[in-house]
Amino acid sequence: MAFVTPLFLWIGTALVGIPLVLHLVMRQRSRRETFPALRLVRSRFQMVRRRLRLRHWILLILRMAILFLLCVLLARPSLRPSGAGRGEESPVAAALVFDTAPRMTYRQRNQTRLQAAQEIADWLLTQLPRDSEIAVVDSGSSAAAFAVDRAAARTQIARLPIALRPASLPETIVKANELLKTSSLERREIYVFSDLAAAAWPEDQIPQAKRVFEDELKTGVYFVDVGIPQPQDSAISDLRLNREVTAGGNPVEMEVQCRRFGDPASLTIAVYLRSPSPSTVPEESYVKRSQRTVQLDADGVAGLSFSLGNLPPGIHQGFVALEEETPLPANDRAYFTVEVRGAVPILIAAPPPADRHALYLSQALAPEAFRRAGTATFDCRVIAHEECAATDFGNYAAIILLDPPRFPDPVWDKIEDAVRSGKGLAVFLGRRASPAEAWDATSLRRILPGRPRIQSRAPAGDVYLAPRDYSHYLLSPFRPLAGSVPWDLFPVYRYWLTEIDPQSTFVVAEYSDGRAAILEKTLGRGRVILATTPVSDLPDETPWNLLPVGQAWPFVILANQLGMYLSGAADIRLNYLPYEVVEAPTGGPDAGATFLLERPADIFAPSSSPDPPVRLQPDPATGRVLVPSTDRVGNYRLRAGTGESAYDWGFSVQLASRETDLTRLPEERFHDWFGSAGARLVRTPQQLTREVSVGRSGYDLVPYLAILFAIIVAAEQVLANRFYAERK
């Protein structure tokens, strides 16, 4: 069979299948219907089954957690920080560091701060693990070593002495850490017992202490604060004398600074003085000379002035005391020693007429009114230059040359010998001084601190004294007024330019143009002062300067300081800090005489009595006596010989004010310094026990896990009871 258009055949065949597909797709099927009661039962069943499955899983997890936590609790877990030891019973190398500054004698409830520290440390010894190595280190000792055993350490703690000049706590901690490094034990511990006073923590030394804590991961550091949070105390914090050596009946001026720690209070301050040459040291030899009352605000400071006049020549010792009883007796007194001399003999050599040329200087040193009253500090003798050759310079404490001429070499040699033996020499250069070439002589080069060259002029009056530094003894009275001394009111019109040897010359003061005005040189045991402008101009002459003219109080002060400096008063020191070596001048007895040193009683042992005198021998070369033993606060006396040739000298030793400063270090600053380094601050043995336990074993997790275990057991019980109750 054939088809004309077979295409339509195939198309028709394909279209025949369309009804079949529509029939199969669109035919109706049977529908299943669920009864409402059965639908409710089925949905309830599914919901109950899901709830039961969840409860089973929860109970299963809780029961598994109970078993797991029980095993964990038996294992006693802990978080071990870096540096923690192997356990609380492992031996450690422990250093017990004590602050033994005088302020640790502050007493409260009949117990000093040091005694409180000793009590805690004694308890700590019983808590340290067996076979531990123990060292007791205090801030007053330079050596540190491990104790032989625990009993030896306990004895060291009980016998800790008060240190009059203790080292800072950062230095002591570093010393203790260096000792611990020598131990073979893995765990190291440092216990610092302190009152947390700011004076024990110099800020410039904090970094070295922090490095110890941060670098030594195996070292635990515990600070035990035994201080009083709000101390109540009154103190004599400072005592200053206008000068330690006075002459000519001038009074001794004292500035006393009082300080209050805590609430406001009224204080009574008294000055006690001992006779110049008492035969014994006891307290009864002191007599009250003056008394004043002052009111101090809370944490306030007040200053008082005292004047002691009409003192005969000799050594005078005494103390300034609080009349009230305080918790810290160490700062209730300030001891002092002064020496009163007769008028100091000074020789002034001037051009003729000598009296007129030396008028300004002699009146500044010894005013006429003072000489007549017998109270002049200096006894000035004025001579002409021509008399120097026949003058015995050994009878004078100082020599002053005004416009010296070209002396013969033997005169300069006599002057040099006098200076080398301990006399003082001052040279003022003016219009009548030798010409420049005369100063090149060999003898003058040995003596003078500079060689005059030419004269400089400043007719405009714009040159004047302008010291840059007031630390020198000559300028020390101007130090408080450094910025307000009217030097410009006393212009210098002419002065000598000098050639200076920087190896042997010190410039004391300069002019406003930077040139040297006053120079100094040490020669043997004496000193030489060179002033490049004079004080010897006559009133009818054109002045080289106006220093001694008008309201010339700076000139008067300079002249008096010069006299005392040249006479050696600046070299005499009578008041010292503890442990300083005292060099006592001698002169009465023979070089082979034996000196007896009377020491004061120990203020930190009230029941103690003065020790027997200590025998000392002078240095054969210098004739001076060295007193190395100044380990007590109070007044010392040095004696030798009897009768008119007897030697009697004394000095005082006084605590530095910082050693009794009760100002507390704020805890915020302490934590800023050491908190990041892991240091711990505690106050009670209980706190110390807890922190040490953490340091050795880490943070114990057992208490927290036990609480969690109890919560899980309770939850399991509650869920299980409810579950099984519903099933029933």
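From a predicted model like this one, the values you see are computed outputs, not experimental measurements. Per chain, residues are indexed from 1 in the order of the written sequence. Reporting in this predicted model follows two pLDDT cut-offs: at least 70 for local features of residues, and 80 or more for side-chain atom pairs to be given and counted; totals over whole chains, interfaces and linings ignore these cut-offs and use all residues. Hydrogens are left out, water is left out, and the side-chain values use all remaining heavy atoms of the structure.

1. Looking at the sheet that holds strand 10 (residues 252–261)
Should DSSP find at least two bridges between two strands, the strands are regarded as paired. Starting at the N terminus, helices and strands are each numbered in turn, a helix being any DSSP run of H or I of at least four residues and a strand any DSSP run of E of at least two. The 3 strands lie next to each other as 8-10-13, forming an open sheet whose pairing is antiparallel. On the outer flanks of this sheet lie strand 8 (233–241) and strand 13 (301–308), each paired with one strand and no other. Recorded for the sheet is a direction-independent mean angle of 25° between the axes of neighbouring strands. The pairing of strand 10 with strand 13 spans 8 bridges and is classified as antiparallel. Across the sheet, Val256 pairs through a bridge with Leu304, a residue of strand 13. Between N-to-C directions, angles cover 0 to 180 degrees, with each direction set by a line fitted to C-alpha atoms, over the stretch in contact for helices.

2. Overview of helix 13 (residues 667–674)
Taken together, the buried positions of helix 13 are Phe670, Trp673 and Phe674. Down the axis of helix 13, the buried side of the element spans an arc of 70°, and every buried residue falls inside it. In helix 13, those exposed residues whose orientation departs by more than 90 degrees from the buried face are Glu668 and Asp672. Think of it in three bands: residues with accessible area under 20% of the maximum for their type are buried, residues over 50% are exposed, and the middle band is partly exposed, with areas taken using a 1.4 Å probe on protein chains only. The arc in question is traced by the directions running from the helix axis to the C-beta atoms.

3. Quick word on the pattern of salt bridges
Put simply, a salt bridge is a Lys or Arg side-chain nitrogen that is within 4 Å of an Asp or Glu carboxyl oxygen. All chains considered together, the criterion is met by 32 salt bridges. We note a salt bridge from Asp225 to Arg683, for which the minimum N-O separation is 3.3 Å. On the criterion of sequence distance, the pair formed by Asp225 in strand 7 (residues 219–225) and Arg683 in the loop between strand 32 (680–682) and helix 14 (685–697) is long-range, its members being 458 residues apart. Of the charged contacts, one joins Arg341 and Glu339 as a salt bridge, the two residues approaching to 3.3 Å between their closest N and O atoms.

4. Points about the confidence of the model for the protein chain
Do not read the fine detail of predicted coordinates wherever pLDDT is low. Confidence in the prediction of the protein chain, expressed as mean pLDDT, is 85, and 85% of residues score 70 or more. Note: pLDDT gives the predictor's confidence per residue, expressed from 0 to 100. For the protein chain, per-element mean pLDDT is lowest for helix 1 (residues 6–26), which scores 60, and highest for strand 18 (residues 398–402), which scores 96.

5. Here's the deal with the packing of helix 3 (residues 113–127) against helix 4 (residues 150–158)
Where helix 3 contacts helix 4, the two axes come as close as 10 Å, and the packing angle between them is 175°. In terms of their interaxial angle, helix 3 and helix 4 are classed as roughly antiparallel. Contact residues: Gln118, Ala121, Asp122, Leu125 and Thr126 in helix 3; Arg150, Ala153, Arg154, Ile157 and Ala158 in helix 4. Residues that form the contact of helix 3 with helix 4 fall into these classes: 5 nonpolar, 2 polar and 3 charged. Comment on the angle field: the value is read as roughly parallel under 35 degrees, roughly antiparallel over 145, roughly perpendicular from 65 to 115, and oblique elsewhere. Here, two residues are considered to be in contact whenever any of their heavy atoms come within 4.5 Å of each other. Think of it as three bins: nonpolar holds Ala, Val, Leu, Ile, Met, Phe, Trp, Tyr, Cys and Pro, charged holds Asp, Glu, Lys and Arg, and polar takes everything else, Gly as well.

6. With respect to unusual backbone geometry
Cis peptide bonds are those with omega within 30 degrees of zero, and the linkage from Pro352 to Pro353 qualifies with -5°. Here Pro353 shows up in the loop between strand 16 (344–350) and helix 7 (354–357). Look at Asn110: it is not a glycine, yet its phi comes out positive at around 60°. Following the sequence through the fold, Asn110 ends up in the loop between strand 3 (107–108) and strand 4 (111–112).

7. Digging into the pairing of strand 18
Summarising burial for strand 18: 5 of the 5 residues are buried, a large majority. Taking every second residue as pointing to the same face, both faces of strand 18 are buried, with Ala398, Ile400 and Leu402 on one and Ile399 and Leu401 on the other. Bridging between strand 16 and strand 18 involves 4 bridges; their strand directions are parallel. The residue bridging Ile346 from the neighbouring strand is Ala398, located in strand 18. Relative to strand 19 (residues 424–428), strand 18 is paired through 5 bridges, and the arrangement is parallel. Looking at the pairing, Leu402 lines up with Phe428 of strand 19. When the strands point away from the viewer and the path from the first strand over the helix to the second turns clockwise, the crossover is right-handed. What joins strand 18 to strand 19 is helix 10 (residues 409–420), and the crossover it makes is right-handed.

8. Description of the environment of Ser90
One can find Ser90 in the loop between strand 1 (78–79) and strand 2 (93–98). For Ser90, a relative accessible area of 24% corresponds to the partly exposed category. It is 9.3 Å that separates the C-alpha atoms of Ser90 and Leu185, two residues lying 95 residues apart in sequence.

9. Observations concerning the pairing of strand 24 (residues 526–531)
Extensive coverage of strand 24 is indicated by the burial of 6 of its 6 residues. Going residue by residue along strand 24, you find Gly526, Val528 and Leu530 tucked away on one face and Arg527, Ile529 and Ala531 tucked away on the opposite face as well. By the bridge criterion, 5 bridges tie strand 19 to strand 24 in an arrangement that is parallel. The partner of Leu425 across the bridge, within strand 24, is Val528. Across 6 bridges, the pairing between strand 23 (residues 516–523) and strand 24 is antiparallel. In the sheet register, Leu519 faces strand 24, and the bridge partner there is Leu530.

10. Observations concerning the sheet that holds strand 5 (residues 133–138)
Spatial ordering of the open sheet is given by 5-2-6-7-32, a layout of 5 strands whose pairing is parallel. Looking at which strands have only one partner, the edges of the open sheet turn out to be strand 5 and strand 32. Averaged over all pairs of adjacent strands, the angle between strand axes in this sheet comes to 20°, irrespective of strand direction. Of the pairings in the sheet, the one linking strand 2 to strand 5 comprises 6 bridges and is parallel in character. If you follow Phe98 over to strand 5, its bridge partner there is Asp138. Sitting on the sheet, helix 3 is in contact with strand 2, strand 5, strand 6 (188–194) and strand 7, with an inclination near 170° to strand 2. Those strands touched by helix 5 (residues 169–180) are strand 2, strand 5, strand 6 and strand 7, and its axis lies near 155° from that of strand 6.

11. Some thoughts on the environment of Asp195
Assignment of secondary structure puts Asp195 in the loop between strand 6 and helix 6 (206–215). For Asp195, a relative accessible area of 7% corresponds to the buried category. Once the C-alpha coordinates of Asp195 and Thr100 are considered, the two residues, 95 residues apart in sequence, prove to be 9.9 Å apart. Residues contacting Asp195, with those up to four places away along its chain left out, are Asp99, Arg103, Met104, Asp225, Val226, Gly227 and Arg664. Among the polar contacts listed, one links the side chain of Asp195 to the side chain of Arg103, at a separation of 3.2 Å. A distance of 3.3 Å separates the side chain of Asp195 from the backbone nitrogen of Ala197, its partner in a polar contact. Between N or O atoms, a polar contact is any pair within 3.5 Å; within protein, one atom must be a potential hydrogen donor and the other a potential acceptor, and residues adjacent in sequence are included only when both atoms are from side chains.

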